[in-house]
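Secondary and tertiary structure notes
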Amino acid sequence: MQSGADKKVLVMDRPFPRDALTARAKNKIVYDLAFKSLCLDWKKKHSISANASRPPSPNNYAAAAAAAATDKAENDENSTELDENLQYNLWSFGDMDIVIRHQADGELIGTKERRVCLTTKLDYQIQPNGFEEILTPSERASQWIQSYIGGHAFVLEGRIDVLKNRLVRVDQKQMKDIMSDNWKPTYESEMLRHTFLRLQKQVY
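So, here's what we can say about the structure. These numbers were taken from a predicted model, which means no experiment stands behind them.

Although it is not a glycine, histidine 152 adopts a positive phi angle of roughly 60 degrees. You can see histidine 152 is positioned in the loop between α3 (137-149) and β7 (154-161). The phi torsion at asparagine 165 lies on the positive side, around 55 degrees, for a residue other than glycine. On the basis of relative accessibility, which here comes to 55%, the residue asparagine 165 falls in the exposed class.

Let's shift gears to the nonpolar core. With eight residues, the main nonpolar core is built from Cys117, Ala141, Trp144, Ala153, Val155, Met175, Ile178 and Trp183. Listed by contribution, the elements that provide at least two residues to this core are α3 and α4 (175-178). Residues contacting alanine 153, with those up to four places away along its chain left out, are Arg114, Arg115, Val116, Cys117, Ser147 and Lys173. Within the second largest apolar cluster, seven residues are counted, among which are Met96, Ile100, Ile149 and Phe196.

Its location among the elements puts glutamine 143 in helix α3. Look past the residues within four positions of glutamine 143 in its chain and what remains in contact with it is Thr119, Leu135, Val155, Glu157, Lys173 and Ile178.

This paragraph deals with α3. Look at α3: 18 Å from first C-alpha to last across 13 residues, which is about the 18 Å you get at 1.5 Å a residue. Those residues of α3 that sit buried are Arg140, Ala141, Gln143, Trp144, Ser147 and Ile149. Just past α3, the residue glycine 151 takes up positive phi, approximately 75 degrees.

With that out of the way, let us pick up the sheet that holds strand β8 (residues 166-173). With mixed pairing, the four strands of this open sheet are ordered in space as β5-β6-β7-β8. Edge strands, defined here as strands with exactly one partner in the open sheet, are β5 (106-108) and β8. Neighbour-to-neighbour, the strand axes of this sheet turn through a mean angle of 40 degrees, independent of strand direction. The pairing of β7 with β8 spans seven bridges and is classified as antiparallel. Bridging from a neighbouring strand, glycine 158 pairs with valine 170 of β8. Running over the sheet, helix α1 (residues 23-39) touches β6 (114-123), β7 and β8 and is turned about 140 degrees from β6.

Definitions and cut-offs
Residues numbered from 1 in each chain as written. Predicted model: local features only at pLDDT ≥ 70, side-chain atom pairs only at ≥ 80, totals over all residues. Heavy atoms only, no water. Helix = DSSP H or I, 4+ residues; strand = E, 2+ residues; numbered from the N terminus. Buried < 20%, exposed > 50% of the residue type's maximum accessible area, 1.4 Å probe, protein only. Core = buried A, V, L, I, M, F, W, Y, C linked by side-chain atoms within 4.5 Å. Contact = heavy atoms within 4.5 Å. Expected span 1.5 Å × (residues − 1). Pairing = 2+ DSSP bridges. Axes fitted to C-alpha atoms, helices over the stretch in contact; angles between N-to-C directions.

Below, the structure is given as structure tokens:
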């Protein structure tokens, strides 16, 4: 962030875990890890950070090249063990420049490689007649921001029948699927704007 001739940098890490988690939140963590382990082919692990075939991010990579180069220098370029599939996006927010580091879960192999985010939808009310729980607003917003930051990455959602402890199906979603029914992340975008403005006031 610029303030006259001075440049101030604010680094935000992941938030600390909550002091207490609900049973649903604990189940979500466990099933997310199990679903990722099930979907990823660990024998074919490889670096996807330099894959030129993936679609470009909607944000500007070039302006964040310096930050990406610094992080890359800390790792062995040819080591897949150290590669974390990181990408950097630069967001301009008013007079603030915000670099967001994103970690992809994997790559969907097909006619065209696409980065993919893996998540689960826990269902406690699946009925024989096909009745299922719908996505909550927070779940949809989470999938939206994951896909957007990942360069419109696909989202693979595993539908979990919690009571029977089984994977019912896997849904592949694109941005148009997440934003169906004329849903728009207006409230979520306003929350981000308000948060960044508050942070900007604190560093000045």
